[in-house]
Amino acid sequence: MSKVRLSKAAASRVISFTDEAYNALISNVRAMDSRVNSQFTGMVDPALKRYAELSEKLQNTLRQIGTNMEAISKYCRAVMRWIDDYGQI
């Protein structure tokens, strides 16, 4: 059976990566929404309604992703505490 080595540095990097990835994702989606919405300004088109529906689905999916990323960060913080508590023994 193989060993898994946990380190505070690795857990800290995971926390940083999840935070950075989530922030980049949110930023890119906002930019996309802004650009698309500027193209639809003044338009009366069924595509606009469909885009709004898809955008809402996307926002819900992003919330789920954010929740999962927060769970990963929370787990990594718990690993770091565990290392602090039991790594000295």
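Rules behind the numbers
- Residue numbers here run from 1 along each chain, matching the order of that chain's written sequence.
- Per-residue local features are limited, in this predicted model, to residues with pLDDT of at least 70; the limit for side-chain atom pairs, both in listing and counting, is 80 or more; totals at the level of whole chains, interfaces and linings are taken over all residues.
- Remark: hydrogens and water are excluded; side-chain values derive from all non-hydrogen atoms of the structure.
- For the purposes of this entry, the term helix denotes a DSSP run of H or I that reaches at least four residues, the term strand denotes a run of E that reaches at least two, and both are numbered from the N terminus.
- Note on method: radius of gyration uses C-alpha positions; expected globular size equals 2.2 Å times residues raised to 0.38.
- Think of it in three bands: residues with accessible area under 20% of the maximum for their type are buried, residues over 50% are exposed, and the middle band is partly exposed, with areas taken using a 1.4 Å probe on protein chains only.
- Any Lys or Arg side-chain nitrogen located within 4 Å of an Asp or Glu carboxyl oxygen qualifies as a salt bridge.
- We call Phe, Tyr and Trp rings a pair once their centres come within 6.5 Å, taking the six-membered ring for Trp, and we label the pair stacked below 30 degrees between planes, edge-to-face above 60, and tilted otherwise.
- Helix span, as expected, comes to 1.5 Å for every residue beyond the first.
- Residues are treated as being in contact if the distance between any of their heavy atoms lies within 4.5 Å.

Engineer: Describe the overall build of the protein chain, listing the residues and the values that go with them.
Structural biologist: Helix and strand counts for the protein chain come out as two helices and zero strands. Taken over the C-alpha trace, the protein chain has a radius of gyration of 20 Å; the compact-globule value for 89 residues is 12 Å, which it surpasses by more than 25%. Projected onto its principal axes, the C-alpha coordinates of the protein chain cover approximately 70 × 20 × 20 Å. Relative to its 89 residues, the protein chain shows a buried fraction of 19%.

Engineer: Give a detailed account of the pattern of salt bridges, specifying residues and quantitative values.
Structural biologist: Opposite charge on two side chains permits them to pair, given that their charged atoms come into close proximity. Following the criterion strictly, the structure yields three salt bridges and no others. When the shortest N-O distance is used, the salt bridge between R50 and E53 registers 3.4 Å. Remark: E53 and R50 occur in helix 2 (residues 46-86); sequence separation between them is three residues, near one turn of the helix. Assessed through its relative accessible area of 43%, R50 is described here as partly exposed.

Engineer: Residue-level account of the packing of aromatic side chains, with values.
Structural biologist: Throughout the structure, instances matching the rule amount to one aromatic pair. Ring geometry for W82 and Y86: centres 5.6 Å apart, planes at 45 degrees, overall tilted. Pair noted here: W82 and Y86 are both in helix 2, with a separation of four residues, about one helical turn. Note on Y86: relative accessible area 48%, which makes it partly exposed.

Engineer: A description of helix 1 (residues 8-40) should follow, citing residues and the corresponding values.
Structural biologist: Helix length check: helix 1, at 33 residues, gives a terminal C-alpha distance of 48 Å against a target of 48 Å (1.5 Å per residue), a fit within 8%. Along helix 1, the residues classified as buried are A11, I15, T18, I26, V29, D33 and F40. Its buried side turned inward, helix 1 meets helix 2. Positive backbone phi, at 80 degrees, marks G42, one or two positions downstream of helix 1.

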